[in-house]
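# An overview of the molecular structure
The residues making up each chain are set out below.
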Amino acid sequence: ESKVVCICTEGIEYGPRALGHRSILSDARNPEMKAIMNEKIKHREGYRPFAPVVLAEHFDQYFVSTSRDHDYMLRAVSCVETSKDIIPSVIHVDNTARVQTVTVEMGKLYRILKAFLELTGVPVLINTSFNDNDEPIVFDAVDAFCCFLRTRADILVLEEEIYFRSDISDTEAL
């Protein structure tokens, strides 16, 4: 349904990228999702791409690389021609993407991607860090809830709890 989902679960991450524990996820198939996420969350330049996260066993269907080491979203890879049609919101203008591959060892993120694949036939989501523009990545549940309320994300997952913006009355007063 093209919802924007914030995830804060399974410990803290460190380093330059969101890897699924402090992430904002959404549907890479929606060609408008980059603009939607910029409007709701990131408030950044429109030319800046969002990164894809993909089940490792499906990497070759969407991306091209001589390396299989894409666990940390550190390298841009070329995209298969059909990727532009299937997952347009994560393909940069030069036909590259800064992809993260996910294996079963990665826990909840793997299960989310597997469920998305079962629902849609596509094992790829947008994955960006759980923070607003010019803010550090969220640290704990309090940070996550505050960031969720400040932005216009649709769903917040805190460990095993799920909060829907539509169920929270008068977020403007908060």
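For the structure itself, consult the block above.
Quick caveat, the model's predicted, so the values are computed rather than measured.

So, how was this worked out
- Residues numbered from 1 in each chain as written.
- Predicted model: local features only at pLDDT ≥ 70, side-chain atom pairs only at ≥ 80, totals over all residues.
- Heavy atoms only, no water.
- Buried < 20%, exposed > 50% of the residue type's maximum accessible area, 1.4 Å probe, protein only.
- Helix = DSSP H or I, 4+ residues; strand = E, 2+ residues; numbered from the N terminus.
- Contact = heavy atoms within 4.5 Å.
- Expected span 1.5 Å × (residues − 1).
- Pairing = 2+ DSSP bridges.
- Axes fitted to C-alpha atoms, helices over the stretch in contact; angles between N-to-C directions.

## A short note on helix α1 (residues 33–42)
Buried residues of α1: Met-33, Met-37, Asn-38, Lys-40, Ile-41 and Lys-42, and no others. For α1, the elements touching its buried residues are β2 (22–27) and β8 (124–129). Positive backbone phi, approximately 50°, marks His-43, located one or two places after α1.

## Quick notes on helix α4 (residues 108–120)
An ideal rise of 1.5 Å per residue puts 18 Å on 13 residues; α4 measures up with 18 Å between its terminal C-alpha atoms. For α4, the set of buried residues is Lys-108, Leu-109, Tyr-110, Leu-113, Phe-116 and Leu-117. On its buried face, α4 sits against β2, β3 (51–55), β7 (100–102) and β8.

## Comments concerning unusual backbone geometry
Although it is not a glycine, Met-73 sits at a positive phi angle of roughly 55°. Within the fold, Met-73 resides in the loop between β4 (63–64) and β5 (76–79). A relative accessible area of 2% places Met-73 in the buried class. Positioned with a positive phi, Glu-159 is a non-glycine residue whose angle comes to about 50°. Mapped onto the secondary structure, Glu-159 falls in the loop between β9 (155–158) and β10 (161–164). Taking the relative accessible area as the measure of exposure, Glu-159 reaches 42% and is therefore partly exposed.

## So, the sheet that holds β10
Strand order in the open sheet formed by seven strands is β7-β3-β8-β2-β1-β9-β10, with mixed pairing between adjacent strands. With one partner strand each, in any of the chains shown, β7 and β10 form the two edges of the open sheet. With strand direction ignored, the average angle separating the axes of adjacent strands in the sheet is 30°. Relative to β8, β3 runs antiparallel, the two sharing four bridges. Bridging from a neighbouring strand, Val-53 pairs with Leu-125 of β8. Across the sheet, α4 lies against β1 (5–8), β2, β3, β7 and β8, angled at about 85° from β3, the strand it touches most.

Function-wise, these values are silent; they only describe arrangement.
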